[in-house]
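Each chain, written out:
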Amino acid sequence: MIEQCFSQAEAPCAPQPCLVGTALRCGPLLPLMQPNPKAAGTPSIEEVPTANGSSPRRWHVGRSVAGCSAGSGRISLLLTFSVARSGLPSERGLGSLIDMKWRRRHDSTSPGFRGFFLFGIFGTLVFVTAALGSTGAETKPFSLHPENPHYFLFEGEPTLLITSAEHYGAVLNRAFDYQEYLKTLEKHGFNNTRVFSGAYVEPQGAFDIAKNTLAPEPNQFLAPWARSETPGYPNGGNKFDLKQWDPDYFERLRDFVREASERGVVVEVCLFCPFYEQKQWRLSPLNAKNNVNGVGAVDRTDVYTLEKSGKLLAIQEAMTKKIVRELNGFDNLYYEVCNEPYFGGVTKEWQYHIAELIAKVEEDLAQAHLISRNVANDKKKVTTPHSAISIFNFHYATPPKTVAMNYALDKPIGDNETGFRGTGDTHYRREGWQFILAGGALYNNLDYSFTVGHEDGTFAYPDSQPGGGGATLRRQLEVLKEFIDSFDFVSMHPDTDFIRDGVPEKVHPYGLSEDGQQYAAYFFGGEKLELTLLLPNGKYQVEWVNPLTGEVAKEARVSSQGKPRTVHSPTYETEIALRILRQQ
């Protein structure tokens, strides 16, 4: 039957309107498809192991869907059939269970399209479209949530970004197996990663980081620009030609974002980074010593300025335009202008110029993506936000005072780099819980257990590392994500006023609430709590959650008459979380 479907797909057919919620069999379904000569591919088969040890066959074929465009032209798709071989009544049969999914192949002909999902049992397919075309409700790329712009909207769902991710070299380090890495993020339910473009790269041993993914081995560095015929790049290979793009780099960049999309991971594409010391500037393609164009004979602190960078500004603009155009068809990304621009002479005017350029380029493209500004280490109040900036990121934002300082911006506040607090798990677990429960929208722990050869996050890093990571911490942050996702957090706001008494000295609670409906809180320190809560009239489920394991350590149903009510936690070692949900 699979072969029959492919055969029917090859036949021309008249455009049909999109169908929503229509049940039909394989035969009637495929005539809705019309081959796109530029996108269609030959069906291929690969063996994909499953959790139970069976090896289903997966067929891949690219097709377009007639009459289902999202406002412009045809949509290039990848049709994936995953068919378990066990129990097949015949070689051509479908067996007892088929998992079929339309997955978009993002390109310039597929703006805003999120795809179709097909599920089949005994050959019957349910054809469910994302709302497009005649339905008039196109899915948007990763964006601010329209009801509460402190959070995000992704794939039609309210979203916070929580992850424990590698040190930004997944694309520029040719030796890094990003597929294995992204599988590991997906396994933990994480939905974010951060990558550097290649305008900046680090030498081995920088910042005492062992097996640093941002410091490729000799001849393993990929940048947006092609290599010239002139030898002499310090870390192996020829110098760069800043007038030529490297197709291998852009293929790897697109495939990385594509693989991330298929795993529900939003990519922060960080375009630039200051040169903290001469040893980083020594390796940059923007340095005149490393390119054949005679560009970049400036001090490292003048590289990211409007007036002092010489011809580098034009190179930076061209790179920005190229990356933005290459990635415009993807919905699972946002751009950060510059990592830690408060170092190395980066001017605010230059940052705003690049942000405006991103926005300007996307005016003529199918999709517009969010833009982030890395504001400060720890905390800083943003007093004059730029209209092109939608996300305000901080590093080492603990305690999370910067969330309250900037909450009135009505924009997501992120903590997208941790570190310099030792290699233990406790600090980074606490930092994540406190930041998210303070009203933050993004937490990215910098995880040094991801390295070349250990893309599954199993590298046993030395104590000299400037941060931590690893499987245990990832599981603890997975608990945080599961906890916050158990709420309708878009309806909540930072609040601990419902806790009227009982918080021990030196224990600072962080919490979110929707009055009379749901409450969340996190406490670090102490051993046991006797909290006096003030809740509106109603019945509530009260649960005390262990942040290390996710287990509900104690639960109770309580009634409130709008008067103070005492609740008792179980005994705990370091911290505990509180979940309160109104019962109907």
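The rules we used
Residues numbered from 1 in each chain as written. Predicted model: local features only at pLDDT ≥ 70, side-chain atom pairs only at ≥ 80, totals over all residues. Heavy atoms only, no water. Helix = DSSP H or I, 4+ residues; strand = E, 2+ residues; numbered from the N terminus. Buried < 20%, exposed > 50% of the residue type's maximum accessible area, 1.4 Å probe, protein only. Contact = heavy atoms within 4.5 Å. Axes fitted to C-alpha atoms, helices over the stretch in contact; angles between N-to-C directions. Parallel < 35°, antiparallel > 145°, perpendicular 65-115°, else oblique. Left-handed = near helix turned anticlockwise from the far one by under 90°. Nonpolar A, V, L, I, M, F, W, Y, C, P; charged D, E, K, R; others polar. Pairing = 2+ DSSP bridges. Polar contact = N/O pair within 3.5 Å; in protein donor to acceptor, adjacent residues only side chain to side chain. Salt bridge = Lys/Arg side-chain N within 4 Å of Asp/Glu carboxyl O. Core = buried A, V, L, I, M, F, W, Y, C linked by side-chain atoms within 4.5 Å. Right-handed = clockwise from strand over helix to strand, strands pointing away. Phe/Tyr/Trp six-rings, centres within 6.5 Å; stacked < 30°, edge-to-face > 60°. Lys NZ or Arg CZ within 6 Å of the ring centre and 35° of its normal.

Observations concerning the overall build of the protein chain
So, point 1. Along the backbone of the protein chain there are 10 helices and 30 strands.
So, point 2. Per-residue burial over the protein chain gives 56% buried out of 584 residues.
So, point 3. Contacts in the protein chain between residues far apart in sequence, at least 24 positions, make up 64% of those at least 6 positions apart.

A short note on the packing of helix H3 (residues 178–187) against helix H4 (residues 247–262)
So, point 1. Packing of H3 against H4 brings their axes to within 10 Å, and their N-to-C directions diverge by 25 degrees. The orientation of H3 relative to H4 falls into the category roughly parallel. Like other packed secondary-structure pairs, H3 and H4 cross with a definite hand, here right-handed. Between H3 and H4, the residues in contact are Tyr178, Gln179, Leu182 and Glu186 and Arg252, Asp255, Phe256, Glu259, Ala260 and Glu262, respectively.
So, point 2. Its residues placed into classes, the contact of H3 with H4 shows 4 nonpolar, 1 polar and 5 charged.

Considering the sheet that holds strand E13 (residues 192–196)
So, point 1. If you trace the 8 strands from one edge of the open sheet to the other, you get E12-E21-E20-E19-E18-E17-E16-E13, paired in parallel fashion. The two strands at the open ends of the sheet, each matched to only one other strand, are strand E12 (161–165) and E13. For this sheet, the mean inter-axis angle between neighbouring strands, taken without regard to orientation, is 25 degrees.
So, point 2. Two elements, E13 and strand E16 (residues 266–272), share 5 bridges in a ladder whose sense is parallel. Following the sheet pairing, Phe196 is matched in E16 by Cys270.
So, point 3. Sitting on the sheet, H4 is in contact with E13, E16 and strand E17 (333–338), with an inclination near 155 degrees to E16.
So, point 4. Running at roughly 165 degrees to E16, helix H6 (residues 312–327) makes contact with E16 and E17 of the sheet.

Re the environment of Asn173
So, point 1. One can find Asn173 in the loop between E12 and H3.
So, point 2. When the C-alpha atoms of Asn173 and Val452 are compared, they prove to be 8.7 Å apart, with 279 residues separating the residues in sequence.
So, point 3. The residues touching Asn173, leaving out its near neighbours within four places in the chain, are Asn212, Thr213, Pro216, Gln220, Arg252 and Val452.
So, point 4. Polar side-chain contacts of Asn173 include one of 3.0 Å to the backbone oxygen of Thr213.

With respect to the pattern of salt bridges
So, point 1. This model, assessed by the stated rule, comprises 17 salt bridges.
So, point 2. Between Asp485 and Lys481 there is a salt bridge, and its shortest N-O distance comes to 2.9 Å. Separated by 4 residues within a single helix, Asp485 and Lys481 lie in helix H10 (residues 471–485), roughly one turn from each other.
So, point 3. Arg579 is the partner of Glu543 in a salt bridge, and the nearest nitrogen-oxygen pair spans 2.8 Å.

Let's talk about the environment of Leu437
So, point 1. Its place among the elements puts Leu437 in helix H9 (residues 425–437).
So, point 2. Residue classification places Leu437 among the buried residues on the basis of a relative accessible area of 0%.
So, point 3. Here the alpha-carbon distance between Leu437 and His493, two residues 56 residues apart in the chain, equals 9.4 Å.
So, point 4. Residue contacts for Leu437: discarding those within four places in its chain leaves Leu480, Phe483, Tyr510, Gly511, Leu512, Ala520, Ala521 and Tyr522.

Digging into the nonpolar core
So, point 1. Ile323 and Leu437 are the most contacted members of the largest nonpolar core, which has 120 residues in total.
So, point 2. The element contributing the most residues to this core is H6, with 7 residues.
So, point 3. Setting aside anything within four residues of it in sequence, one finds Ile323 in contact with Ser197, Tyr249, Phe250, Leu253, Val269, Leu271 and Tyr335.

Points about unusual backbone geometry
So, point 1. Of note, the bond from Thr398 into Pro399 is cis; its omega dihedral lies within 30 degrees of zero at -5 degrees.
So, point 2. Unusually for a residue other than glycine, Tyr168 sits at a positive phi of about 70 degrees.
So, point 3. Although it is not a glycine, Asp208 sits at a positive phi angle of roughly 60 degrees.
So, point 4. Checked against the element boundaries, Asp208 lands in the loop between E13 and strand E14 (225–231).

Brief notes about the pairing of strand E21 (residues 442–446)
Consecutive side chains along a regular strand alternate between the two faces of the sheet.
So, point 1. The buried count for E21 comes to 5 of 5 residues, which makes it a mostly enclosed element.
So, point 2. Both faces of E21 are covered, namely the face carrying Leu442, Asn444 and Leu446 and the face carrying Tyr443 and Asn445.
So, point 3. Judged from the 5 bridges that link them, E12 and E21 form a sheet pairing that is parallel. What sits directly across from Ile162, in E21, is Tyr443.
So, point 4. Bridge count between strand E20 (residues 413–417) and E21: 2 bridges; the pairing is parallel. Across the sheet, Gly414 pairs through a bridge with Leu442, a residue of E21.
So, point 5. Handedness of the β-α-β unit built from E20, H9 and E21 comes out right-handed.

Quick look at the pairing of strand E25 (residues 518–524)
So, point 1. Judged by how many residues are buried, E25 sits mostly within the fold: 7 of 7 residues are covered.
So, point 2. Along E25, one buried face is formed by Gln518, Ala520, Tyr522 and Phe524 and the opposite face, lined by Tyr519, Ala521 and Phe523, is buried too.
So, point 3. Looking at chain direction, strand E24 (residues 510–514) and E25 are connected through 5 bridges and run antiparallel. By the bridge assignment, Tyr510 is partnered in E25 with Tyr522.
So, point 4. Taking the residues between adjacent antiparallel strands as the criterion, E24 and E25 are bridged by 3 residues, where Gly516 takes a positive phi near 80 degrees.
So, point 5. Bridge count for E25 against strand E30 (residues 575–583) is 7 bridges, and the pairing is antiparallel. Paired with Ala521 across the two strands is Leu578, which belongs to E30.

Section: the packing of aromatic side chains
So, point 1. All told, the structure shown has 30 aromatic pairs when counted by the stated rule.
So, point 2. Between Phe142 and Tyr334, the aromatic rings sit 5.9 Å apart at their centres with planes inclined by 25 degrees, giving stacked as the arrangement. With Phe142 in the loop between strand E8 (124–129) and strand E9 (143–144) and Tyr334 in strand E17, the pair connects residues that are 192 residues apart, well separated along the chain.
So, point 3. Between Tyr200 and Phe275, the aromatic rings sit 5.9 Å apart at their centres with planes inclined by 35 degrees, giving tilted as the arrangement. A residue pair is termed long-range when its members are at least 10 positions apart, and Tyr200 in the loop between E13 and E14 and Phe275 in the loop between E16 and helix H5 (278–281) qualify at 75 residues.
So, point 4. Relative accessible area serves as the criterion here: at 2%, Tyr200 is assigned to the buried category.
So, point 5. The exposure class assigned to Phe275 is buried, which follows from its relative accessible area of 0%.
So, point 6. Members of the aromatic cluster, connected to one another through ring pairs, are Tyr168, Phe196, Tyr200, Phe207, Phe272, Phe275, Tyr276, Trp281, Tyr304, Tyr342, Phe343 and Trp350.
So, point 7. The ring of Tyr168 has Arg194 lying over it, and the distance from NZ or CZ to the ring centre is 4.7 Å.
So, point 8. The residue whose ring lies beneath Arg430 is Phe524, and the NZ or CZ to ring-centre distance is 4.4 Å.

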